[in-house]
Each structure stands twice: as C-alpha cells, then as structure tokens.
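Secondary and tertiary structure notes
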Amino acid sequence: LDFSNEAVQTWRWKNASVLKTLRKLTLRCSVTASSGPIEDGPEGLRSLLQSTPALEELHIYSNCISSKTLSLLSSRTPGGIGCDICPELESLHLIRHVASSAIPSIAPQEIINLISSRWHEPQRNVQTSGVKFQPSLKYVFLQLKMPGLPNLSNIEPIRSFIQRGLNFKMDMNLSTY
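Residues numbered from 1 in each chain as written. Predicted model: local features only at pLDDT ≥ 70, side-chain atom pairs only at ≥ 80, totals over all residues. Heavy atoms only, no water.

Points about the sheet that holds strand S2 (residues 57–62)
Formally: Paired strands, as defined in this entry, are two strands with at least two bridges between them according to DSSP. A helix here means a DSSP run of H or I that spans at least four residues, while a strand means a run of E at least two residues long, and both kinds are numbered starting from the N terminus. Only the stretch in contact is used when a helix axis is fitted, and all axes are lines through C-alpha atoms; the angle between N-to-C directions ranges over 0 to 180 degrees.
What the five strands build is an open sheet, ordered S1-S2-S3-S6-S7; its pairing is parallel. The strands lining the two open edges of the sheet, one partner per strand, are strand S1 (24–29) and strand S7 (167–170). For this sheet, the mean inter-axis angle between neighbouring strands, taken without regard to orientation, is 5 degrees. Pairing geometry for S1 and S2, over six bridges, is parallel. Bridging across to S2, Thr26 finds its partner in His59.

A look at helix H5 (residues 108–118)
For clarity, the cut-off: Under the scheme applied here, a residue whose accessible area is under 20% of the maximum for its type counts as buried, over 50% as exposed, and between as partly exposed, the area being computed with a 1.4 Å probe on protein chains only. Contacts were defined at the residue level, with two residues in contact if any of their heavy atoms lie within 4.5 Å.
Restricting attention to buried positions, one finds in H5 the residues Ile111, Ile112, Leu114, Ile115, Ser117 and Arg118. Residues of H5 that are buried in the fold lie against helix H4 (67–73), strand S3 (91–95), strand S6 (139–143), helix H6 (158–163) and S7.

What to know about the nonpolar core
To be explicit about the condition: Residues grouped as a nonpolar core are buried Ala, Val, Leu, Ile, Met, Phe, Trp, Tyr and Cys residues, joined through side-chain atoms within 4.5 Å.
Ranked by size, the top nonpolar core spans 36 residues in total, and within it Leu49, Leu58 and Leu94 carry the most contacts. Top element by residues in this core is H5. It accounts for four residues. The residues contacting Leu58, other than those within four sequence positions of it, are Leu25, Leu27, Leu49, Leu73, Leu89, Ser91, Leu92 and His93.

Focus: the environment of Gly148
Checked against the element boundaries, Gly148 lands in the loop between S6 and H6. Spatially, the C-alpha atom of Gly148 lies 9.9 Å from that of Pro108, the residues being 40 residues apart in sequence.

What about the pairing of S3?
Counting buried residues along S3, five of its five residues qualify, which places the element largely inside the surrounding structure. Where burial is concerned, the two faces of S3 agree: the one with Ser91, His93 and Ile95 and the one with Leu92 and Leu94 are both buried. Sheet analysis places S3 next to S6, joined by five bridges and oriented parallel. The partner of Ile95 across the bridge, within S6, is Gln143.

Let's talk about the pattern of salt bridges
When charged atoms on two side chains of opposite charge get close, those side chains can pair. Let me state the cut-off plainly: Salt-bridge detection follows one rule: a side-chain nitrogen of Lys or Arg within 4 Å of a carboxyl oxygen of Asp or Glu.
For the structure shown, the criterion picks out four salt bridges. Between Glu90 and Lys138 there is a salt bridge, with its nearest N and O atoms 3.6 Å apart. Highlighted residues: Glu90 in the loop between H4 and S3 and Lys138 in the loop between strand S5 (131–132) and S6, separated in sequence by 48 residues. What makes Glu90 partly exposed here is its relative accessible area of 22%. Judged by relative accessible area, which is 46%, Lys138 ranks as partly exposed.

Re the packing of aromatic side chains
Definition in use: Two aromatic rings from Phe, Tyr or Trp, using only the six-membered ring of Trp, form a pair when their centres are within 6.5 Å; if the ring planes differ by under 30 degrees the pair is stacked, by over 60 it is edge-to-face, and anything between is tilted.
Evaluation of the coordinates by the stated rule reveals one aromatic pair. Pairing Trp119 with Phe161 gives two aromatic rings, centres 4.6 Å apart and planes at 25 degrees, and the pair type is stacked. In this pair, Trp119 sits in the loop between H5 and strand S4 (127–128) while Phe161 sits in helix H6, placing the two residues 42 residues apart along the sequence. Residue Trp119 is classed as buried on the basis of its relative accessible area of 5%.

Here we look at the pairing of S6
Within a regular beta strand, the side chains point alternately toward one face of the sheet and then the other, so they alternate between its two faces. Selection criterion: Looking down the strands as they point away from you, a crossover is right-handed if its path from the first strand over the helix to the second goes clockwise.
Among the five residues that make up S6, four are buried, leaving the element largely enclosed by the rest of the structure. In this view, the connection linking S6 to its parallel neighbour S7 by way of H6 has right-handed handedness.

Right under this line is the structure:
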C-alpha cells in the first residue's frame, strides 16, 4: 500500500472491513525532503493502523519515519495492555532508504521506548486473573540510515530483551540502494 492522504482515505472508507482482519501490512511512503511531509502525517497513519486490530506484521518503508511515527506505534500502557494501535503486533520492520541531514533524526531512546512498550517475556502472553496481556513483539528489524545511531542491540534494555527471546536486527549500513 502506498501511503498518502488519498490512499488513507480510500482504504479507510472503502475497505474498513478488510482492514479489520488484515494480518500483514507493508506501507511505502515516497515523501522526499523536496515534496514535504504528508499533510495528515501520523494522524493519517493513526487512522489506518487503528483500522487494523488483527495486524501482526508491519513493514514501513519510508524516509518520513520520525519520532512521531515511533510514538504512534508505542503501546499506551506498560506491558502492552490496552494498546489501541495494532494490539496484536508481533513483527515490526522500519526502513529508511536515504541517509540525509534533511530527514529528522530519531533519538536512540525513542526507539528503545517503542520496543520497551511492546515487548514482554513470552510467558506473559496468557490470561491472568481475567486480564489478557497483548501479544508481545517477537521480531524487530531497523534500517534507519542515521549517521551516529549506535547499534541498539548492545544497549540496555534491548540487550536483555534479546537474551530473553526478542529477535532484533539492526542494519547499520548507511549506503543507499
């Protein structure tokens, strides 16, 4: 799905029932620094993702992945209880194609916060005392092409999550393809 305001509106209104059962979604946003950001920004993305409650796997290929995108994807409460954006999400791929100073950088802590908000140990994916815990992230792939971004697999708490079962991959290659 190519992401734009028009595409979001079309999918939101014409295919809402399809989106409710969608398990895998790949979004491509071809916004460039010269064309400017998507006018609806994360709100358009929010509308789309709120329509996908069964989504388990999300791939976003975009140079407009930002702090707002990460904040949107973060679970709203500790342990993932009550998340209204993709509550079943288990696999997340975030890919930027271009390393450029024109694209806002993302602080490592923002990435850590996103993963921390959605990951918990696998045995917590059961119903306890009437409270069903949301599924946990099992796989994260990042290719953000940001100069100076450290390899987060060596930073806590990501390192601990990896030791306890998170499959985390981070491509540090800054070249474009």
